[in-house]
2 protein chains.
Amino acid sequence: MPAAGSAFAQLHQYLHHTRLLGSISSALYYDQNTVMPAAGAAWRGDQLALLAGQLHERQSSAEFGDLLAAAEAELGAELGADAPPERRRNLELLRLELERQRSLDPQLVQALAKAQSRGNAIWQDARARNDFSAFAPALLELIALRRQQASQLVSAEPMARSPWEILAQPFEPDISKTRLEQLFAPLKAELPVLLEQVAAMGNPQPAADLPEALQEQLCAELLDSWGYDPQRCQRARSAHPFSCTLGPQDFRITTRVVPGQPLSAFLATAHEWGHSLYEQGLPRGDDHFFPWPLGEATSMGVHESQSLFWECRVARSQAFAERWHPRFQAGLGADPWGGARGFWRSLNPPAPGLIRVEADELSYCLHIVLRFELELALLEQDMPVEDLPQQWNQRMQELLGIQPQTDSQGCLQDIHWAEGLFGYFPSYALGHLISAQLAEAMETDLGGPGAIAGAIAAGQEERLRSWLAMGVWPLGRAVNGEELVRQVSGRPLSAEPFLQYLKFKLELLQAPA
Amino acid sequence: MPAAGSAFAQLHQYLHHTRLLGSISSALYYDQNTVMPAAGAAWRGDQLALLAGQLHERQSSAEFGDLLAAAEAELGAELGADAPPERRRNLELLRLELERQRSLDPQLVQALAKAQSRGNAIWQDARARNDFSAFAPALLELIALRRQQASQLVSAEPMARSPWEILAQPFEPDISKTRLEQLFAPLKAELPVLLEQVAAMGNPQPAADLPEALQEQLCAELLDSWGYDPQRCQRARSAHPFSCTLGPQDFRITTRVVPGQPLSAFLATAHEWGHSLYEQGLPRGDDHFFPWPLGEATSMGVHESQSLFWECRVARSQAFAERWHPRFQAGLGADPWGGARGFWRSLNPPAPGLIRVEADELSYCLHIVLRFELELALLEQDMPVEDLPQQWNQRMQELLGIQPQTDSQGCLQDIHWAEGLFGYFPSYALGHLISAQLAEAMETDLGGPGAIAGAIAAGQEERLRSWLAMGVWPLGRAVNGEELVRQVSGRPLSAEPFLQYLKFKLELLQAPA
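A short tour of the structure in this document, coming up.

**As for the relation of the copies chain A and chain B**
Okay, step 1: Superposing chain A onto chain B requires a rotation of 180 degrees together with a translation of 0.0 Å along the rotation axis, leaving an RMSD of 0.0 Å. Those values place the two copies in the arrangement expected of a two-fold rotation axis.

**Remarks on the sheet that holds strand β3 (residues 250–255) of chain B**
Residues and elements named next belong to chain B.
Okay, step 1: On the basis of which strands lie adjacent, the open sheet formed by 3 strands has the order β1-β3-β2 and mixed pairing. Bordering the open sheet on either side are β1 (233–237) and β2 (243–247), each of which pairs with just one other strand. Shown here is a sheet whose adjacent strand axes are inclined to one another by a mean of 25 degrees, direction ignored.
Okay, step 2: Where β1 meets β3, 5 bridges bridge the pair, whose relative direction is parallel. By the bridge assignment for β3, Ala 236 is matched with Thr 254.
Okay, step 3: Helix α10 (residues 264–281) contacts β1, β2 and β3 of the sheet and is inclined by roughly 160 degrees relative to β3.

**A word on the side chain of Glu461(B)**
Residue and element names in this part refer to chain B.
Okay, step 1: Relative to the assigned elements, Glu 461 resides in helix α18 (residues 461–471).
Okay, step 2: Buried and unpaired, Glu 461 has no salt bridge, with Arg 323 as the nearest side chain of opposite charge at 4.0 Å.
Okay, step 3: If near-sequence neighbours (up to four positions away) are discounted, Glu 461 is found in contact with Trp 226, Trp 310, Val 314, Phe 320, Arg 323, Ala 455 and Ile 456.

**Let's talk about the interface of chain A and chain B**
Okay, step 1: Facing 36 residues of chain A, the contacting portion of chain B comprises 36 residues.
Okay, step 2: Roughly 2,900 Å² is buried in total at the junction of chain A and chain B, and carbon and sulfur atoms are behind 68% of that figure.
Okay, step 3: The largest per-residue losses of area from chain A upon contact with chain B belong to Pro37(A), Trp43(A) and Leu50(A), which jointly make up 23% of the total buried on that side.
Okay, step 4: Here chain A is connected to chain B by 2 salt bridges.
Okay, step 5: The salt bridge partner of Arg252(A) is Asp31(B), with a shortest N-O separation of 2.8 Å.
Okay, step 6: Taken together, the connections running from chain A to chain B amount to 15 residue pairs in polar contact (both at pLDDT 80 or more).
Okay, step 7: Every element with two or more residues in the side of chain A that touches chain B is listed here: α1 (7–34), α2 (41–60), β1 (233–237), β2 (243–247) and β3 (250–255) of chain A.
Okay, step 8: Take the side of chain A that touches chain B: its biggest share by element is 11 residues, from α1(A).
Okay, step 9: In terms of residue class, the side of chain A that touches chain B is made up of 19 nonpolar, 10 polar and 7 charged.

**Structural notes on the sheet that holds β2(A)**
Okay, step 1: Taking strand neighbours across the sheet as the criterion, the 3 strands line up as β1-β3-β2 (chain A) in an open arrangement whose pairing is mixed. This sheet does not close on itself; its edge strands, each paired only once, are β1 and β2 of chain A. With direction set aside, neighbouring strand axes in the sheet form an average angle of 25 degrees.
Okay, step 2: Along the sheet, helix α9 (residues 212–225) of chain A makes contact with β1 and β3 of chain A, crossing β1(A) at roughly 160 degrees.
Okay, step 3: In the packing of helix α2 (residues 41–60) of chain B onto the sheet, contacts are made with β2 and β3 of chain A, and the angle to β2(A) comes to roughly 70 degrees.

**Structural notes on unusual backbone geometry**
Okay, step 1: Its identity is not glycine, yet Asn130(A) carries a phi of approximately 50 degrees, on the positive side.
Okay, step 2: By secondary structure assignment, the location of Asn130(A) is in the loop between α5 (106–129) and α6 (132–153).
Okay, step 3: We note that Asp174(B) has phi near 75 degrees; this positive angle belongs to a residue other than glycine.
Okay, step 4: The topology assignment puts Asp174(B) in the loop between α7 (163–168) and α8 (177–199).

**Focus: the packing of aromatic side chains**
Okay, step 1: For the structure shown, the criterion picks out 50 aromatic pairs over all chains.
Okay, step 2: Consider the rings of Phe266(B) and Phe328(B), whose centres lie 5.0 Å apart with planes at 85 degrees: the pair is edge-to-face. Pair noted here: Phe266(B) is in helix α10 and Phe328(B) is in helix α12 (residues 318–332), with a separation of 62 residues, a long-range link. An identical accessibility class is assigned to Phe266(B) and Phe328(B); each is buried.
Okay, step 3: Arranged with centres 6.1 Å apart and planes meeting at 90 degrees, the rings of Trp417(B) and Phe425(B) form a pair that is edge-to-face. Comparing Trp417(B) with Phe425(B), the two get one shared label, buried.
Okay, step 4: By the ring-pair criterion, three or more aromatic residues cluster together here, those being Trp226(A), Phe266(A), Phe309(A), Trp310(A), Phe320(A), Trp324(A), Phe328(A), Trp337(A) and Phe343(A).
Okay, step 5: Cation over ring: Arg252(A) sits above Tyr30(A), and NZ or CZ is 4.8 Å from the ring centre.
Okay, step 6: Above the face of the Trp324(B) ring, Arg327(B) is positioned so that its terminal group lies 4.2 Å from the ring centre.

Conventions used here
Residues numbered from 1 in each chain as written. Chains lettered and ligands numbered in written order. Predicted model: local features only at pLDDT ≥ 70, side-chain atom pairs only at ≥ 80, totals over all residues. Heavy atoms only, no water. Least-squares fit on C-alpha atoms with pLDDT ≥ 70 in both. Pairing = 2+ DSSP bridges. Helix = DSSP H or I, 4+ residues; strand = E, 2+ residues; numbered from the N terminus. Axes fitted to C-alpha atoms, helices over the stretch in contact; angles between N-to-C directions. Contact = heavy atoms within 4.5 Å. Buried < 20%, exposed > 50% of the residue type's maximum accessible area, 1.4 Å probe, protein only. Lys, Arg positive; Asp, Glu negative; His and termini not counted. Salt bridge = Lys/Arg side-chain N within 4 Å of Asp/Glu carboxyl O. Buried area = accessible area lost by both parts, 1.4 Å probe. Polar contact = N/O pair within 3.5 Å; in protein donor to acceptor, adjacent residues only side chain to side chain. Nonpolar A, V, L, I, M, F, W, Y, C, P; charged D, E, K, R; others polar. Phe/Tyr/Trp six-rings, centres within 6.5 Å; stacked < 30°, edge-to-face > 60°. Lys NZ or Arg CZ within 6 Å of the ring centre and 35° of its normal.

Next up, the structure:
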């Protein structure tokens, strides 16, 4: 531990304070989405804006710059080549973030905040009325502001990057368009073929709804068996499931019960718990981590890989369905699934529909490819905003073989663009790819093909958890997402493991009972 | 509304910011006591300390002083005799608070905060081990620091006040020892006599416990019938019931289910809802109120009078018991109370015991008198701290006719002194007195003797609520507690209405069925 009074220790103190403020925001956000009465919204908005202002000020202040410079000088002068690599990495990441903050014109930051809030409101209304033309001017303004932001950020980038790439950095550090095109090409080529195969399969009978109390109980049992500790975690209900971290020992997840979707809350619980496990496993142990960059998640793609692993690889697996079917059956006092295999098929309904958030594992990534390509067209290829609906529909036809009847079910369906969030969507697809490749490596380590299914069948999911806890979570931001995959799996990230996993699963699902 | 750039408007902006910070603290406190997992405590403590520091800084800053001085100058120069009285009063109250903040040595503030936290920890342990001598040095230090605080505050006081009186000002503005002695004298004289009468009554049979779900449902029905609006309020569970305000349109209350005390949650809900109704009714309407002093509760005594009104005058009344007994009976599917009268007696069990928080309406104020007199002895009459246990026990004997066997059940029972909180206890007793005198005035306005019981019998509690909403809650800090009572009831506060109410109720309770 560095001497009290050292530049490093002073910087630590500064970051601790910043992190406290950030986590107060998270606490207010959690309350807002789980308990706050509706009429509290305006005041809560003022509270969050106040904290956001304080946070921004601390992250770009001259004091922060001075403390960081002093810590950098200390690293060079006192420690030189003997410097702990963690300390060097922390300072590099902080420097990059500070330079990004500093390169932005405060007036642009304000203009963006306003345009985001306005864009969201206009979008809500336009989507409800299926009126893309009402939304188009707001989108145009957001694109212009984001391009301006990217051009201001250029000076802070350590290498040449396109505007879209610059905007994607906060979500997926070091990502490039070329790399994504490379990763997505096999998905574009193979997923439509798989989708055609699935179209031949019948849909499973929609199962009877499960009573709310039973869903609650099954979610609680799932969490208990997956290492949930009520001393460190709490769960609640919210309109949309989420996971958040309120402090180094304070984790919250939320779910919702959806009428008519009896397995929704259960699978959302698995998903959010995956996010939370990653957060809980991030390095906290010594002075180089919490509240330093190294104590943070390295990318949204890796974060998503953790939630998808527990949701898709574990909770939607056949082995899991076989172990849990008796509990569902006993709880309900009936078996509307007609056995474990039917239950498993209910956990994996084919759903190649129009809506991304309702899409199945097969079609999901195609939704992302479509959005990725349209973002590039809008931000870098001068595609007119007015062309978006037509372009959207045409690409949906090409990729998924279906077309929306309304823009509300098409290019107006997501909130992201309404807030000018470009560069975020690919992380969702990367999550699937990373999860599959890490699972492959896990399987090898745990004994070869079938090892994951074997652990699940034996109710030994803690073996999977331990593997992630040893090799993945403690990396924090020591490496970026792709480096993490290469380090853990020994190979560069590719779409192959994901496609293989899908084909294998599909074969099993299609096999006669 | 004052002009946008006026000194008054600028001060408003400053206070708004301060109030946002304060309400963020309240939100964290609420979360901490209702949902936060135990392991989150240390980080939450850091968050709250950070906010407390920011709040203290804003409440004593040079900027605040300048803004206030400018607003005062504006009031004198621009408006003179035409100044809205609300504005004058707001500035007077802010000036008084600022001068108090400024008169304190920051080192003393820090020393006090540490001593409070240490005192609390030592007290927890000493109480658990029944070891007063372990607690005595901490108490001695807290008394010394509080005396020092009082001597620093003297310069800010608008009139001559004793150390105890100075410390009591934040809870009960303008209160004096003489006035309290005057108010408490009839209680000391008459309550012991009433207690002797009660001793002759038998205790009601302890009723069977009520299932938790039924208690929940009855609490929800109570709140529904008393104006609870889920758009503005939320309720939750916590270890100790409380009520808090998170924003101008965001109110929370909590209760707990106590095994073996079937009516506890129900009565606590009535009590906390009374607090919340007062908060919800405080003036918010225009620029002179929220977030100004005039938008705040005027004293802890008045606050307590509002909770006690709904708990004791309404929920423990015979008319209420008669209306609600069928619901309790139907919910339970049995009548362990043997009719409405038995139910009413269960709502009013005589409990002249050793513990203040478990005391009944008859003996409660005697617990307060004892503490008030001991605080004076400790702070102003040089009573040695070592004498406290013996003095406590002797006075318990004199006032209540009983003596604790251990200090844990005696002078170690309350948390207040462990945190150096002197001057707070009398507000609890004033709450009973104020509630009774306001209820008397209400009854006159609503049609004379029996009008409150009549409204309750008819299920028209909204008539009681409207009366308070018209005449009491909107006063905010325009008047202090005693002025409020005089204004509303036309008479100075006295113990008479309370004693009359008790005697009347006691007669009914003792009457043959």
